[in-house]
Structure formats: structure tokens, C-alpha cells
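# Survey of secondary and tertiary structure
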Amino acid sequence: MKKRIAVLAMAVLLAVSFSTTAALAAPVSPFVDLSADHWSFPYVSELHAQGVVAGDPEGTFRGTDPVTWGETFKLILLGIGVEEPQRVPDTHWAYCYVQPALDNRLVYSFDEMYLDGIPTRLDVARMAARALDLTDISGETPYVDCDDGYVVELYEKGIMEGVLEADGNRYFYPDQSIVREEIATIVWRMMNVDYTAGMFRYNNYWLDKLETVQPTTYTPEQFGNDDKDRVTYSGGFYARGIDVSGHKQEIDWQAVASDGIDFAIIRAGNRLYGKDSSGAVCEDSWFDRNMQGAIAAGMDVGAYFFSNAITVEEAIEEADFFLAKLEPYRQYINYPVVCDWEFLGGAQSRAYGVDAKIITECVAAFCQRVKEAGYMPMYYFNEYCGYVKFDLSKLTEYDGWFAEYASKPSSIYNFQMWQFSSKGKVAGISSDVDMNLCFVAYPNARRWAPTVNPGMPQPSPSPSPSPSVEPTPPPTQYLNPVMP
């Protein structure tokens with residue numbers, strides 16, 4: 001958590017200071033061009049006392065001048081308690097603030113040649129929000145001219161207000177510049193407003209709890225382990241499954257089905273995610289072989305696509321590619337068809353710095369395409385993606401597949417399937433495999449887990465193959481796997 005050099009009590013102290021000073025003598029401005037009765041005086045003078053605002057050598061503040069990128073970096077970084085860096089000889093005066101700005105996520109990349117350039121109000125808002133460890137997942141915008149999640153967060157926290165014009169509408173003017181007296185006010189509020197009230201902490205982020213997203217229905221005591229050290233669930237129905245990609249190569253699916261595995265979610269393809277990659281959509285060369293083997297073994301099957309879409313157009317491209325791969329197996333797919341959007345590669349990912357709103361729109365577009373095609377859509381998420389990179393309030397019509405490698409899930413939001421391990425041991429697979437529990441009895445599923453809470457009403461199961469009878473195989477052409 002970032003250190004802030006002031007606390008909420010400072011606001012009270014400041015108010016007392018000014019009221020006491022007023023009773024004794026007129027307050028003295030630290031700058032020759034800032035009068036004590038100007039609206040920005042309390043903010044600017046307090047920041048000056050704290051060493052955040054220095055003004056010019058001539059003793060002026062120039063409050064109506066636009067701030068530069070370099071000045072913005074300095075003010076915001078000092079405002080959140082970052083120690084002032086040493087100046088670098090023979091460089092721009094603000095060069096020393098560039099790396100701290102990157103380290104604190106004010107920006108995701110920056111060229112020093114722009115230090116004297118002028119950021120927009122939207123640029124400054126995003127820097128301020130990131131400096132406070134806020135995300136761009138927020139509610140409805142109050143502005144008629146800006147729907148950015150970071151801006152909405154700052155409005156909701158009382159950091160930035162915009163302008164309420166005579167027409168009764170509130171404007172943010174995102175493309176205009178911001179002046180020095182305005183940013184002084186913003187930085188003072190960043191230091192003094194208790195913006196974390198009602199929020200929860202996840203890693204380096206402060207997050208609002210999404211009231212429209214169903215909270216988790218699972219409790220720790222509902223989970224245990226069986227004699228194979230596999231996670232079990234006592235709170236109702238569950239089925240046990242695996243998910244696989246071509247990385248597993250040869251799989252004995254009959255052995256898998258005989259080892260207590262009810263379903264398999266099989267990768268059909270992926271998009272390359274490296275920043276320097278082509279970002280191409282690729283098929284999984286083992287998909288057909290895996291689907292045919294699992295179906296022939298009588299298992300329930302679903303499928304997933306490893307997405308890295310950063311535009312809605314890319315998401316639709318991925319979904320259409322995925323659906324074409326699934327079409328030959330349509331009648332056998334009785335588990336969800338999943339958009340597996342993951343953030344991998346850190347700063348080297350092509351998705352680095354892409355806003356949560358855009359990524360959420362990609363996942364929603366993918367799932368909607370799957371739904372329109374007649375399948376059960378689902379999205380995959382871990383805590384980081386669920387809390388930081390997705391706005392789950394925009395995905396509530398789709399089932400969720402939560403990934404957390406633990407003995408008990410800790411998500412505060414609900415989900416329908418849980419990937420609890422990547423180190424599973426299953427007969428027929430020579431290496432470790434991802435293990436899952438599904439808590440939904442999907443209507444057309446054939447295999448049912450034996451552990452069902454008898455006190456809970458359960459849907460009528462579909463007929464399951466008798467152990468002494470071979471499951472009905474798919475058409476002959478599907479039993480001739482496409483070799484990788």
C-alpha cells in the first residue's frame with residue numbers, strides 16, 4: 001500500500017489553523033500572485049507547507065497556467081508520499097520523476113521528450129486514480145461528455161467534480177488541459193479525503209464491492225478431500241472434471257473416464273499474447289483428437305478458447321473461429337463453451353495497460369456470440385482478472401469459472417465452476433493436469449458425481465451409460481483423429 005504523507009485528520013487541522021489565523025491576523029500567502037481570498041488558497045498554501053508545491057523562483061504560483069507532464073508527475077508522486085528523487089545531471093528537471101511514475105502505474109509507458117507537453121484532464125484523472133490504487137471499474141458516469149471508469153471513481157470518491165453547467169448537466173471536458181490551481185486542489189484531496197471507506201483491499205488495489213454481482217454462496221467447511229486427495233464439496237451437487245490443451249499430447253480417455261472424472265473442458269485454440277507477437281489466432285492441433293476421445297469414453301464435454309482480445313472486433317473474430325471448430329461436435333457438447341481471457345506476460349503482454357472496460361466488453365461480446373450460437377457461455381477468471389481487469393457487474397448473465405489453486409475458494413463473488421489445482425493426477429494422463437469442480441447440473445449432462453447432499457433437491461439426471469455397456473460413440477468420421 002502506498003504511503004500517503006497526510007491523513008484525514010489533516011483536514012481538521014487545516015481548518016483549525018485557518019480559523020485561528022483568521023482570528024489573530026490575516027493569513028499570508030506564500031505566493032505574490034495568490035491572494036488569501038482565492039478559492040484555491042487553502043489547498044495551495046497547505047501543499048506549499050508540506051513541500052509538495054514550490055512555485056517559481058520569482059515567488060509566483062501562476063495558478064491559471066496549464067500543468068505539464070513533468071509537473072503532474074511531481075505533484076501526484078509527492079502527494080502520495082513518494083520520496084523526492086535525486087535530479088539527474090544534464091537531463092530535463094523532471095526526468096527523475098519518469099521512473100517513479102512508471103513504478104506507481106501513473107502511466108504504462110512514457111518518452112521523456114514529452115515532459116514539457118500538456119496532459120489532458122483525462123490523462124491527469126487516470127494518473128491520479130492509478131496513484132491511489134483505484135481501478136477503472138465503477139458505476140454510471142455523472143458526466144455527459146466522459147464515461148471513463150477512472151474519472152467516475154474520482155468523482156465518487158470526492159476527488160474530482162467536473163463542472164455543473166447552466167443547462168443542468170455535469171461536464172468533465174476530458175480533452176481540455178488542467179491548470180495548476182486545479183491540480184493543487186486534486187492533490188490536496190488525494191492526501192486528505194478518506195476515499196477508501198467501504199472498499200476492500202486486493203494486492204495493490206482498492207476496490208468497491210460490486211453490489212449487483214451475486215456474493216459467494218460457498219463456505220469453507222463445505223470443502224474437504226477424498227482418499228485421492230481430490231477436493232470434495234458437501235454443499236450440494238458437484239461433478240469432477242479436468243481441462244486440457246494440446247500440451248498434454250496423448251491422453252487415454254477411457255482411463256480418464258474410469259478414474260472418477262465426469263467432464264472435460266478442451267481447448268480449441270488461442271491468440272498469441274506477447275507484445276512483440278503477431279497476435280494471431282491459432283488452433284489447438286490436438287482439439288479434434290481430444291474431443292473425439294472424450295466423447296467416445298462417454299464423458300461430458302465443453303470447450304474453451306484462450307483469448308487475448310483487446311478490441312470487440314478481435315473478440316468476435318475469436319468467437320467465430322471457436323464456433324467453427326465446435327460445429328462438428330455440437331450434439332455432444334453439454335458443458336459450457338468458455339471465453340478464457342487471461343492476463344499473462346506482464347508489461348510484455350499486448351494487453352498491458354488496456355482498460356478494464358474494454359476487456360470486459362471483449363469478454364461480453366465473445367460470450368454473447370457463443371450464446372447466439374446456441375451454446376452455454378461461460379467466462380474464466382482468477383482473483384486478479386475478476387477484481388481488477390473485469391467489471392463483473394457487466395457479465396452477470398453468464399456463468400463464471402473461477403481459478404484459484406487452493407483447498408477452499410476465496411472469491412467474494414459467486415461462480416459455477418472452480419479450477420482448484422493445476423497439479424492433479426489422473427489415470428491416462430502422463431503429466432499434471434488442471435482439476436475442476438462444477439456445481440451446476442447442466443440439463444444434458446450424462447455423468448453425475450456420486451457425492452450429493454441428500455438434503456438438497458436435485459434435478460432429475462439424464463440417463464447415464466451402464467458400467468457394463470459401452471457409451472454410444474460419435475459418428476465414424478469423428479473417430480479418425482486429426483493428427484497434430
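What you are looking at is a predicted structure, and each value in this text was computed from that prediction instead of being measured.

Reading the values: rules and limits
Residues numbered from 1 in each chain as written. Predicted model: local features only at pLDDT ≥ 70, side-chain atom pairs only at ≥ 80, totals over all residues. Heavy atoms only, no water. Helix = DSSP H or I, 4+ residues; strand = E, 2+ residues; numbered from the N terminus. Buried < 20%, exposed > 50% of the residue type's maximum accessible area, 1.4 Å probe, protein only. Contact = heavy atoms within 4.5 Å. Areas by Shrake-Rupley, 256 points an atom, 1.4 Å probe, with all protein chains shown as cover. Core = buried A, V, L, I, M, F, W, Y, C linked by side-chain atoms within 4.5 Å. Lys, Arg positive; Asp, Glu negative; His and termini not counted. Salt bridge = Lys/Arg side-chain N within 4 Å of Asp/Glu carboxyl O. Axes fitted to C-alpha atoms, helices over the stretch in contact; angles between N-to-C directions. Parallel < 35°, antiparallel > 145°, perpendicular 65-115°, else oblique. Left-handed = near helix turned anticlockwise from the far one by under 90°. Nonpolar A, V, L, I, M, F, W, Y, C, P; charged D, E, K, R; others polar. Pairing = 2+ DSSP bridges. Polar contact = N/O pair within 3.5 Å; in protein donor to acceptor, adjacent residues only side chain to side chain. Phe/Tyr/Trp six-rings, centres within 6.5 Å; stacked < 30°, edge-to-face > 60°.

As a further point, take the overall build of the protein. Tallying secondary structure elements over the protein gives twelve helices and 15 strands in all. In the protein, which comprises 484 residues, the proportion classed as buried is 52%. For the protein, restricting intrachain contacts to residue pairs at least 6 apart in sequence, the fraction spanning at least 24 positions comes to 67%. Summing over all exposed atoms, the protein offers an accessible surface of approximately 21,700 Å²; the carbon and sulfur share of this is 52%.

Time to look at helix 5 (residues 121–131). Burial analysis of helix 5 places nine of its eleven residues in the buried class, the great majority of the element. Along helix 5, the residues classified as buried are Arg121, Leu122, Val124, Ala125, Met127, Ala128, Ala129, Arg130 and Ala131. The inward-facing, buried residues of helix 5 contact helix 3 (69–79), helix 6 (149–156) and helix 7 (180–192). Two residues or fewer after helix 5 comes Asp133, characterised by a positive phi angle close to 65°.

A few words on the nonpolar core. Grouped together as the largest cluster of nonpolar side chains are 75 residues, with contacts concentrated most on Ile242, Trp253 and Phe390. No other element matches the nine residues that helix 11 (residues 356–372) contributes to this core. Apart from residues lying up to four places away in sequence, Trp253 is in contact with Ile242, Val244, Ala264, Ile266, Arg289, Asn290, Gly293, Ala294, Ala297 and Met299. Listed in part, the 53 residues of the second largest apolar core include Leu106, Ile186, Met190 and Met191.

With respect to the secondary-structure elements, Glu342 resides in the loop between strand 11 (333–341) and helix 11. Among buried charged residues, Glu342 stands out as having no salt bridge; its nearest opposite-charge side chain is Arg267, 8.6 Å away. Discounting residues that sit within four places of it in the chain, Glu342 has contacts with Phe306, Ser307, Asn308, Tyr380 and Cys385.

Running from N to C, helix 10 (residues 312–326) and helix 11 point in directions that differ by 30°, and their axes come no closer than 8 Å. Here helix 10 lies roughly parallel to helix 11, going by the angle between them. Considering how the two elements wind past one another, helix 10 and helix 11 form a crossing that is right-handed. Across the interface between the two elements, Val312, Ala315, Ile316, Glu318, Ala319, Asp320, Phe322 and Leu323 of helix 10 pack against Glu361, Cys362, Ala365, Phe366, Arg369 and Val370 of helix 11. Taken together, the residues that form the contact of helix 10 with helix 11 break down as ten nonpolar, no polar and four charged.

On to unusual backbone geometry. Backbone geometry places Arg62, a non-glycine residue, at a positive phi of 55°. With respect to the helices and strands, Arg62 occurs in the loop between helix 2 (41–50) and helix 3. Residue Arg62 is classed as partly exposed on the basis of its relative accessible area of 33%. The phi dihedral of Gln249 falls on the positive side, at around 55°, and the residue is not glycine. Structurally, Gln249 is set in the loop between strand 7 (239–244) and helix 8 (253–258).

In this section: the pattern of salt bridges. Applying the stated criterion across every chain yields a total of 27 salt bridges. In this structure, Asp355 engages Arg126 in a salt bridge whose closest nitrogen and oxygen atoms are separated by 3.4 Å. Here Asp355 is found in the loop between strand 11 and helix 11, whereas its partner Arg126 is found in helix 5, with 229 residues between them in sequence. Residue Glu397 is joined to Lys371 by a salt bridge in which the shortest nitrogen-to-oxygen separation is 3.2 Å. Taken as a pair, Glu397 in the loop between helix 12 (383–389) and strand 13 (399–403) and Lys371 in helix 11 lie far apart in primary sequence, 26 residues in all.

A few words now on the pairing of strand 10 (residues 300–307). Within a regular strand, the side chains alternate between the two sheet faces. Burial analysis of strand 10 places eight of its eight residues in the buried class, the great majority of the element. Two strands pair when backbone bridges link them, and strand 8 (residues 263–271) and strand 10 are joined in this way by seven bridges, in the parallel orientation. What sits directly across from Arg267, in strand 10, is Tyr304. Sheet topology places strand 10 next to strand 11; six bridges connect them, and they run parallel.

Time to look at the packing of helix 5 against helix 6. With their axes 8 Å apart at the nearest point, helix 5 and helix 6 run at an angle of 65° to one another. By the angle between their directions, the pair helix 5 and helix 6 is classed as roughly perpendicular. The hand of the helix 5/helix 6 crossing is left-handed. Across the interface between the two elements, Leu122, Ala125, Arg126, Ala128, Ala129 and Arg130 from helix 5 touch Tyr150, Val151 and Leu154 from helix 6. Residues that form the contact of helix 5 with helix 6 fall into these classes: seven nonpolar, no polar and two charged.

So, on to the side chain of Lys325. By the secondary structure assignment, Lys325 is in helix 10. One polar contact links Lys325 to Glu283, side chain to side chain, over a distance of 2.8 Å. The residues contacting Lys325, other than those within four sequence positions of it, are Ala268, Glu283, Phe287 and Asp288.

The full count for this structure, using the stated rule, is 40 aromatic pairs. Taken together, a centroid distance of 5.3 Å and an interplanar angle of 65° make the contact between Tyr335 and Tyr442 edge-to-face. With Tyr335 in strand 11 and Tyr442 in the segment after strand 15 (433–438), this pair connects stretches of sequence that are 107 residues apart. You'll find Tyr335 and Tyr442 in the same group, each marked buried.

This part covers the pairing of strand 14 (residues 417–424). Counting buried positions along strand 14 yields six of eight residues, so the element is predominantly enclosed. As judged from the five bridges shared by strand 14 and strand 15, these two strands associate in the antiparallel manner. If you follow Gln419 over to strand 15, its bridge partner there is Asn436.

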